[in-house]
Amino acid sequence: TAPLLLTDTYIKAFKVAAVPSCEIPPTHPHGANAEELDDRINAVDISYDGEVCVTSSDNNLIHVYKTDQPPFLKKQIFQHVDKYGCNAITFTHDKHYVLVADRLSTKAARTVRMMNLETEEYVNAYSPHGADVHTIAIHPNENTFLTCDYSGAMRIFDL
């Protein structure tokens, strides 16, 4: 089978298949109070080779884990993440780079940034969304990725 090519036209043809029924209390945009958000993991991903795992949390920390060597926690990144926060995280095709969505509570929200995990520096930023990004997905065969935000918009970007 041929790989699926995700073009703007194809993405725009997507339709909502189902909408779950749920009530979110108005205390917080994500439906939780401040105490519950202190260290809640909001995203997790594993590198394509399975050697490295990352998590992002609502307290603006990224944890990097080596999956094959105890102790599994490799390092905790907070210096640069604290500036923008982290609402979602996913690996690129290279296990040394992740895409991080800015958090709602930051001034620069609605931007996805590429971070080098070795240097802990942001190396690229991608056009802002109209609302906060909650999901990032890398295309397995191309240098593109999809993002979804809380307004229901979905965008495609080149890495």
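Quick note: structure is the one above.
In this text the structure is predicted, and so the values were computed from the model without any measurement. (Residues numbered from 1 in each chain as written. Predicted model: local features only at pLDDT ≥ 70, side-chain atom pairs only at ≥ 80, totals over all residues. Heavy atoms only, no water.)

Caption draft 1: Structural detail: the sheet that holds strand 5 (residues 88-91). With antiparallel pairing, the 4 strands of this open sheet are ordered in space as 5-6-7-8. Each of the sheet's edge strands pairs with one partner strand only, and the pair in question is strand 5 and strand 8 (121-126). Neighbour-to-neighbour, the strand axes of the sheet open up by a mean angle of 25 degrees, direction not taken into account. The pairing of strand 7 (residues 112-116) with strand 8 spans 5 bridges and is classified as antiparallel. Across the sheet, the residue bridging to asparagine 116 is glutamate 121, located in strand 8. (Pairing = 2+ DSSP bridges. Helix = DSSP H or I, 4+ residues; strand = E, 2+ residues; numbered from the N terminus. Axes fitted to C-alpha atoms, helices over the stretch in contact; angles between N-to-C directions.)

Caption draft 2: Layout of the packing of aromatic side chains. All chains considered together, the criterion is met by 3 aromatic pairs. Summarising the aromatic geometry, the rings of tyrosine 126 and phenylalanine 145 are spaced 4.9 Å apart at their centres and angled 85 degrees between planes, so their arrangement reads as edge-to-face. Taken together, the residues tyrosine 126 in strand 8 and phenylalanine 145 in strand 10 (residues 144-149) connect sequence positions 19 residues apart. Taking relative accessible area as the criterion, tyrosine 126 reaches 7% and is therefore assigned buried. Among the aromatic side chains, those forming a connected cluster through ring pairs are Tyr126, Phe145 and Phe157. (Phe/Tyr/Trp six-rings, centres within 6.5 Å; stacked < 30°, edge-to-face > 60°. Buried < 20%, exposed > 50% of the residue type's maximum accessible area, 1.4 Å probe, protein only.)

Interpretation note: all reported values are geometric properties and have no functional meaning in isolation.
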